[in-house]
Amino acid sequence: MRILHTSDWHLGRAFHRMNMLGAQAGFVGHLVTTVREREVDAVVVSGDVYDRAVPPLAAVELFDEALHRLADLGVPTVMISGNHDSARRLGVGAGLIDRAGIHLRTDASACGTPVVLEDGFGEVAFYGLPYLEPALVKDEFGVEKAGHEAVLAAAMDRVRADLASRAPGTRSVVLAHAFVTGGEASDSERDITVGGVSAVPAGVFDGVDYAALGHLHGSQTITERVRYSGSPLPYSFSETDHRKTMWLVDLGADGSVAAERLDCPVPRALARVRGHLEDLLVDPELARHEEAWVEATLTDPVRPADPMARLSERFPHTLSLVFEPERAPDDPEVSYARRLAGRSDREIAEDFVAHVRGAGPDAREQAVLQDVFDAVRADDTVREVAR
């Protein structure tokens, strides 16, 4: 069975000030063409179809168009909700849409109920595991402590139990939206840390033939059977070195996996340039970036006059301008943002406690802080979905 694995469309999202809806529509067209030309048997979309729980109308219309075009091909499609989606909204009408061969899997309680497709060698069971927010699904899965590994492991126990009840030789594919250990993150993914931990081990997917992952925006291979497709378009300059692709996966009669990366159309290359403004304006090595979307980091000791206007004369598609004057790390003028770069909310709070009290929080206080941040994040998720 030939499977096309994609994820993280983030319909409705902009790239800095650039509206990406046209590029997203171009991707949908490319997806449909690929399905037809490469004789794909099934499409899987591993979450984050939309960029937010209540997407703009134009994004909903594009999703509607994508569903109709995929249904017209007569090729089954399995989709799950991601952490950016509203599972309840995305799942509206799922029962009816199911009849058109578009299978939306947004209900955590249905993790062990697969979409069963057939090829010339028998059945393939597709299990859709929507994004499992630990605080919201721990009771469903009967886990004592809310954590990503615990709830995902419980969901996979249901998958393996159902698979064991099927005919010997039934092949299996799992769609999941999670941060798996070994994956490389970028700046454009929303933080899903719970209890100080965001990643789960790849071994949680043992027992299935292929795990089609979503959440991380870089295409990557965790193991030969566990892969991220990545987002089809860039959504931050941290993705400058990404090659935007989908996975074309051939699932053999014996459950063997052969995967090929297929490039997605990207409207422009991304480039990060850094240095003094005057050097950036004349450096011949930067000529290759003149048609790219550019993030420029200026290191001039004093902020130059009209930097964006001057940069745009050479790099007309400059979207981001960052100032990082060349100073010693302990210089009091080093920006607040630079001092906080790479630090979690809990670490920042612990630094504040140390600053006002003269000593950082002890282990008990650290646990209290972590519990509070986890509760706030879970509450934000509930509020966003309920809007």
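Residues numbered from 1 in each chain as written. Predicted model: local features only at pLDDT ≥ 70, side-chain atom pairs only at ≥ 80, totals over all residues. Heavy atoms only, no water.

J.: Would you explain the pairing of strand β8 (residues 122-129) in this entry?
T.: Here is the key point about a regular strand: its side chains alternate between the two faces of the sheet. The element β8 is extensively covered by neighbouring structure, given that six of its eight residues are classed as buried. Bridge analysis of strand β7 (residues 115-119) against β8 gives five bridges, and the strand direction is antiparallel. Pairing of Leu117 across the sheet is with Val124, part of β8. Counting the residues in the hairpin turn of β7 and β8 gives two residues. Sheet topology places β8 next to strand β9 (residues 171-177); six bridges connect them, and they run parallel. Along β9, the bridge assignment pairs Gly128 with Leu175. (Buried < 20%, exposed > 50% of the residue type's maximum accessible area, 1.4 Å probe, protein only. Helix = DSSP H or I, 4+ residues; strand = E, 2+ residues; numbered from the N terminus. Pairing = 2+ DSSP bridges.)

J.: Teacher, can you tell me more about the sheet that holds β8 here?
T.: The strands making up a sheet are joined through hydrogen bonds of the backbone, oriented either antiparallel or parallel. On the basis of which strands lie adjacent, the open sheet formed by six strands has the order β7-β8-β9-β12-β14-β13 and mixed pairing. This sheet does not close on itself; its edge strands, each paired only once, are β7 and β13 (220-223). Sheet twist, expressed as the mean angle between neighbouring strand axes with direction ignored, is 20°. Lying on the sheet, helix α6 (residues 148-164) is in contact with β8 and β9; it crosses β8 at an angle near 160°. (Axes fitted to C-alpha atoms, helices over the stretch in contact; angles between N-to-C directions. Contact = heavy atoms within 4.5 Å.)

J.: It is not clear to me how the packing of aromatic side chains should be interpreted in this structure. Could you clarify?
T.: The description of two aromatic rings rests on the distance between their centres and on the angle between their planes. Taken as a whole and assessed by the stated rule, the structure comprises four aromatic pairs. Consider the rings of Phe15 and Phe237, whose centres lie 5.0 Å apart with planes at 50°: the pair is tilted. Highlighted residues: Phe15 in strand β2 (residues 14-15) and Phe237 in the loop between β14 (226-228) and β15 (245-251), separated in sequence by 222 residues. Phe237 carries the same exposure label as Phe15, and that label is buried. Aromatic pair Phe15 and Trp293: ring centres 5.3 Å apart, planes at 40°, arrangement tilted. Here Trp293 lies in strand β18 (residues 293-298) and Phe15 lies in strand β2, a separation of 278 residues in the sequence. As far as the burial class goes, Phe15 and Trp293 line up, both buried. Members of the aromatic cluster, joined through ring pairs, are Phe15, Phe237 and Trp293. One residue, Arg227, lies across the ring of Trp247, its end atom 4.4 Å from the ring centre. Between Arg303 and the ring centre of Phe323, over which it is positioned, the NZ or CZ distance is 3.7 Å. (Phe/Tyr/Trp six-rings, centres within 6.5 Å; stacked < 30°, edge-to-face > 60°. Lys NZ or Arg CZ within 6 Å of the ring centre and 35° of its normal.)

J.: How should the packing of helix α1 (residues 21-37) against helix α2 (residues 57-73) be read in this particular structure?
T.: Two quantities define a packed helix pair, namely the angle between the helix axes and the distance between the axes. Taken N-terminus to C-terminus, the directions of α1 and α2 make an angle of 10°; their axes are 10 Å apart at the nearest point. Taken together, α1 and α2 sit at an angle that is classed as roughly parallel. In this structure, α1 contributes Leu21, Gln24, Ala25, Val28, Gly29, Leu31, Val32, Val35 and Arg36 to the contact, and α2 contributes Ala58, Ala59, Leu62, Ala66, Arg69, Leu70 and Leu73. In terms of residue class, the contact of α1 with α2 is made up of twelve nonpolar, two polar and two charged. (Parallel < 35°, antiparallel > 145°, perpendicular 65-115°, else oblique. Nonpolar A, V, L, I, M, F, W, Y, C, P; charged D, E, K, R; others polar.)

J.: Mind showing me how you'd approach the pattern of salt bridges here?
T.: Any two side chains of opposite charge can pair, on the condition that their charged atoms come close. Evaluation of the coordinates by the stated rule reveals 19 salt bridges. When the shortest N-O distance is used, the salt bridge between Asp98 and Arg105 registers 3.7 Å. Across the pair Glu278 and Arg310 runs a salt bridge whose closest N-O atoms are separated by 2.2 Å. Residue Glu278 is located in helix α7 (residues 277-282), and its partner Arg310 is located in helix α8 (residues 307-314); the two are separated by 32 residues in the primary sequence. A relative accessible area of 44% places Glu278 in the partly exposed class. (Salt bridge = Lys/Arg side-chain N within 4 Å of Asp/Glu carboxyl O.)

J.: Hey, could you run me through a nonpolar patch on the surface in this one?
T.: Side chains of Val368, Val372 and Val376 sit close together on the surface and give an oily, nonpolar patch of about 230 Å² of accessible area. Note on placement: Val376 falls in helix α11 (residues 363-386). The exposure class of Val376 is partly exposed, given its relative accessible area of 44%. (Patch = residues over 30% accessible without salt bridge, like charges linked within 9 Å, V, L, I, M, F, W, Y side chains within 5 Å. Areas by Shrake-Rupley, 256 points an atom, 1.4 Å probe, with all protein chains shown as cover.)

J.: Help me out: how do you make sense of the nonpolar core in this one?
T.: One finds Leu129, Leu132, Phe141, Val174 and Phe205 to be the most contacted residues of the largest nonpolar core, which totals 33 residues. Elements with a minimum of two residues in this core: β8, α5 (134-141), α6, β9, β10 (179-180), β12 (210-214) and β14. If one sorts the elements of this core by residue count, α6 sits on top with seven residues. With near-sequence residues (within four places) excluded, Leu132 lies in contact with Ala108, Cys111, Val137, Phe141, His148, Val151, Leu152 and Ala155. (Core = buried A, V, L, I, M, F, W, Y, C linked by side-chain atoms within 4.5 Å.)

J.: Help me understand the side chain of Asp51, please; the structure alone is not making it clear to me.
T.: If you trace the backbone, Asp51 turns up in the loop between β4 (42-46) and α2. At a separation of 3.4 Å, a polar atom in the side chain of Asp51 contacts the side chain of Arg13. (Polar contact = N/O pair within 3.5 Å; in protein donor to acceptor, adjacent residues only side chain to side chain.)

J.: Even after reading the chapter, I still don't get the environment of Gln220, so can you show me in this structure?
T.: As for its placement among the helices and strands, Gln220 is situated in strand β13. Overall, the relative accessible area of 13% leaves Gln220 in the buried class. Counting along the chain gives 41 residues from Gln220 to Arg261, while the straight-line C-alpha distance between them is 9.9 Å. If sequence neighbours within four positions are ignored, Gln220 has contacts with Gly182, Gly183, Glu184, Arg227, Tyr228 and Trp247. Here the side chain of Gln220 touches Glu184 through a polar contact of 2.6 Å, landing on its backbone nitrogen. Polar contacts involving the side chain of Gln220 include one to the main-chain carbonyl oxygen of Gly218, which spans 2.7 Å.

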